[in-house]
Amino acid sequence: MKKQIVSALVFSAILAPAALTAPASALTTPDREAVELVAPEYPRGAERRGIEGSVRIEYSIAATGEVVNARVVEADPAGVFDRAALAAIENWRYAPAGEQTDGHSRELEFRLSN
């Protein structure tokens, strides 16, 4: 049976509080209201080979609500989902605030279903 991407599952994992737990240092930053969360695209090569994994990204949110300074801090497997995760998070938008907030962290999971 061919494995297929479950976009809704990946996107719901992005929104699920358990999947978005932040390290203790990020918990001291002000909450920022998400305006637009873009689900990552599953890399075709990884899909064809049946590879699953996750990527943790740390980033800041500019006063305007744009994601800035995004960087991969952990990836399993390394280098497979990094670009897709960064591309998605860099398109996320948050409500404007008085200043930039730092120390945000999210884990994006990439899973296939039967």
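Just above sits the structure.
What comes next concerns the included structure.

1. With respect to the packing of aromatic side chains
1) Next: In total, this model carries five aromatic pairs according to the counting rule given.
2) Next: Centroid distance Tyr42 to Phe110: 5.8 Å. Interplanar angle 75 degrees. Geometry classified as edge-to-face. Separated by 68 residues along the polypeptide, Tyr42 in the loop between strand E2 (34–36) and helix H2 (44–49) and Phe110 in strand E6 (residues 101–110) bring together distant segments of the chain. Just as Tyr42 is buried, Phe110 falls in that class too.
3) Next: One aromatic cluster is present, built from ring pairs that chain together Tyr42, Phe81 and Phe110.

2. Notes on unusual backbone geometry
1) Next: For the peptide bond that leads from Asp76 to Pro77, omega is -5 degrees, which places it in the cis range.
2) Next: Despite not being glycine, Asn69 has its phi angle at roughly 55 degrees, a positive value.
3) Next: In this structure, Asn69 sits in strand E4 (residues 67–76).

3. Some details on the pattern of salt bridges
1) Next: In this structure the tally under the stated criterion is three salt bridges.
2) Next: Of the charged contacts, one joins Glu107 and Arg56 as a salt bridge, the two residues approaching to 3.3 Å between their closest N and O atoms. Taken as a pair, Glu107 in strand E6 and Arg56 in strand E3 (residues 53–61) lie far apart in primary sequence, 51 residues in all.

4. Comments concerning the nonpolar core
1) Next: Among the nonpolar cores identified, the biggest contains 19 residues, and Tyr59, Trp92 and Phe110 are the most heavily contacted of them.
2) Next: Elements that contribute at least two residues to this core include exactly E3, E4, helix H3 (82–89) and E6.

5. Quick notes on the sheet that holds E6
1) Next: Spatially, three strands are ordered E4-E3-E6 in an open sheet, and the strand pairing comes out antiparallel. The open sheet has two free edges, formed respectively by E4 and E6, since each of these has just one partner strand. Strand-to-strand, the axes of this sheet are offset by a mean angle of 20 degrees, without reference to chain direction.
2) Next: Sheet analysis places E3 next to E4, joined by seven bridges and oriented antiparallel. Counted as the bridge partner of Val55 is Ala75 from E4.

6. Here we look at the side chain of Arg56
1) Next: For Arg56, a relative accessible area of 17% corresponds to the buried category.
2) Next: Among the polar contacts listed, one links the side chain of Arg56 to the side chain of Ser105, at a separation of 2.7 Å.
3) Next: Within the local environment of Arg56, its side chain forms a polar contact with the side chain of Glu107, the two groups lying 3.3 Å apart.

How each quantity is defined
Residues numbered from 1 in each chain as written. Predicted model: local features only at pLDDT ≥ 70, side-chain atom pairs only at ≥ 80, totals over all residues. Heavy atoms only, no water. Phe/Tyr/Trp six-rings, centres within 6.5 Å; stacked < 30°, edge-to-face > 60°. Helix = DSSP H or I, 4+ residues; strand = E, 2+ residues; numbered from the N terminus. Buried < 20%, exposed > 50% of the residue type's maximum accessible area, 1.4 Å probe, protein only. Salt bridge = Lys/Arg side-chain N within 4 Å of Asp/Glu carboxyl O. Core = buried A, V, L, I, M, F, W, Y, C linked by side-chain atoms within 4.5 Å. Pairing = 2+ DSSP bridges. Axes fitted to C-alpha atoms, helices over the stretch in contact; angles between N-to-C directions. Polar contact = N/O pair within 3.5 Å; in protein donor to acceptor, adjacent residues only side chain to side chain.

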